[in-house]
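# Descriptive analysis of the structure
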Amino acid sequence: MSDNGKLPRFEAVVLVHLDAAYNLARWLTRDPAGAEDAVQDACLRAFRFFDQLQGPSAKAWFMAVVRHACYDWLQKRRAGAGDEPFDETLHTAGAAESLEATAVRESDARWVREGIAALPREYREVLVLRDLEELSYKEISAIVEVPIGTVMSRLSRGRDLLQQRLTQARQMHERKRT
Amino acid sequence: MNCARLQQVLDAHIDGELDRATSGEIRAHLAGCAACAALHANRSALRDAVRAHAPRHAAPAALTTAIHRSLARAGKPPRAREIMAGHRPSWLHAAVFACVAALAGLMAGYWLAQPRPDHPLREPAVAAHVTALASGKQLIQIASTDRHTVKPWFQGKVDFAPPVKDLAGEGFVLSGGRLDQVADKPAAAIVYQIRQHTINLFVWRSTDRTPDAITATSERGFSVVTWAADGLRFAAVSDVDGRDLTRFARLMAAT
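Presented here is a report on the structure given in the accompanying data block. (Residues numbered from 1 in each chain as written. Chains lettered and ligands numbered in written order. Predicted model: local features only at pLDDT ≥ 70, side-chain atom pairs only at ≥ 80, totals over all residues. Heavy atoms only, no water.)

## With respect to the overall build of chain A
- For chain A, the helix and strand inventory stands at 10 helices and 0 strands.
- If you list the helices and strands of chain A from N to C, you get α-α-α-α-α-α-α-α-α-α.
- Per-residue burial for chain A yields a buried fraction of 54% across its 178 residues.
- Pairs at least 24 apart in sequence give 70% of the contacts found in chain A among residues at least 6 apart.
- When the accessible surface of chain A is summed, it comes to about 8100 Å², and 50% of that surface belongs to carbon and sulfur atoms. (Helix = DSSP H or I, 4+ residues; strand = E, 2+ residues; numbered from the N terminus. Buried < 20%, exposed > 50% of the residue type's maximum accessible area, 1.4 Å probe, protein only. Contact = heavy atoms within 4.5 Å. Areas by Shrake-Rupley, 256 points an atom, 1.4 Å probe, with all protein chains shown as cover.)

## With respect to the side chain of Arg124 of chain A
Residue and element names in this part refer to chain A.
- Topologically, Arg124 is positioned in helix α8 (residues 121–132).
- Of the residues examined, Arg124 reaches a relative accessible area of 1% and is grouped as buried.
- A distance of 2.7 Å separates a polar side-chain atom of Arg124 from the backbone oxygen of Trp27.
- Among the polar contacts listed, one links the side chain of Arg124 to the backbone oxygen of Leu119, at a separation of 3.2 Å.
- Not counting residues up to four positions away in its chain, the partners in contact with Arg124 are Trp27, Leu28, Arg30, Ile116, Ala117 and Leu119. (Polar contact = N/O pair within 3.5 Å; in protein donor to acceptor, adjacent residues only side chain to side chain.)

## Description of the pattern of salt bridges
- A complete count under the given rule lists 25 salt bridges over all chains for this structure.
- In this structure, Arg159 of chain A engages Asp131 of chain A in a salt bridge whose closest nitrogen and oxygen atoms are separated by 3.1 Å. A residue pair is termed long-range when its members are at least 10 positions apart, and Arg159 of chain A in helix α10 (residues 148–177) and Asp131 of chain A in helix α8 qualify at 28 residues.
- Given the relative accessible area of 2%, Asp131 of chain A is considered buried.
- A salt bridge links Arg247 of chain B to Glu170 of chain B; the nearest nitrogen and oxygen atoms lie 3.5 Å apart. (Salt bridge = Lys/Arg side-chain N within 4 Å of Asp/Glu carboxyl O.)

Here you go:
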């Protein structure tokens, strides 16, 4: 295939999923600039290996490339700095106080966002791929490179954790109000 | 189905990933077990909360621009590619130097290089409609009036999510779906009934993302209504009156 034909085809088949790619990268890196770097990197990689694209779902293939780019970005950053300081700060008293400032009707939305962001990465990625990107277990299994049964159990476990955290946040909120 | 087993597969059930028989067993159990029904309600509420509140981040415009620019360079002969590999400009850098004129030229190039709209595929859609009706039982592979059963059935079978709507209130009763082909393209066929008429709604993916307005025509005496949105192409085919089919198309296309 000539390069002339490759780029428009790449646009039509892969780049239409750019929003999905960026969304996954945002949730995985939890860093806007990091997400942009990872997606940029993933697009170049995907373009290079575009001729090897196989299987029915270009989206799943591209998402797998994006996921790898995110993991590379995280590893590079971890080598340079501390290990993801973001997690622990979320559920400290400080975070709870700022929760208090949020209007009650917005609280749930915020807890959901923070709850997902605070999930361990292996649960976070399957949850985002399933509930935000609406991919099938089969596609997720291909992206994350684990059997479908593992996708199922990680989703279950991830939702258990998220549900626990939401319940805790609501209870803490109630206690503070009374 | 006992409670322990149900809890293992509850998420897969909510995600529409189980076969009909198992989902049927689950529904039967839920109807008779308050504890499991409560778990199910909690889980559904959680999923709704995630979908309602977790933002789906869209790629910033600057990133999109930068990527198009990098790819245009990456697609060039080896010399340019070596420079890229050794010293990849950051997207910011790229964005700052993005040349508007070159980009406009590039976009025009893409536009011209895009395959033309794959409408009219009216005749192939009519052919698929006739074939499906002739073979009787082929018409429906997943039989259900519940859109939450029909839509998930397509997961993993086609690489897009065809819209499935409940239009029973408007007289269009969902009867199921099947996999089909329109001119060799894999298509989802969603089957509705209105009065005694069968409507086949064919949905397939198109490389041309330009939206297309609802257009009603007839072909071999069948009404055919086509439109395009969201990178998907739609063709509704039926022997029902063209006005009814256009009304159906408007309801399906409404967001």
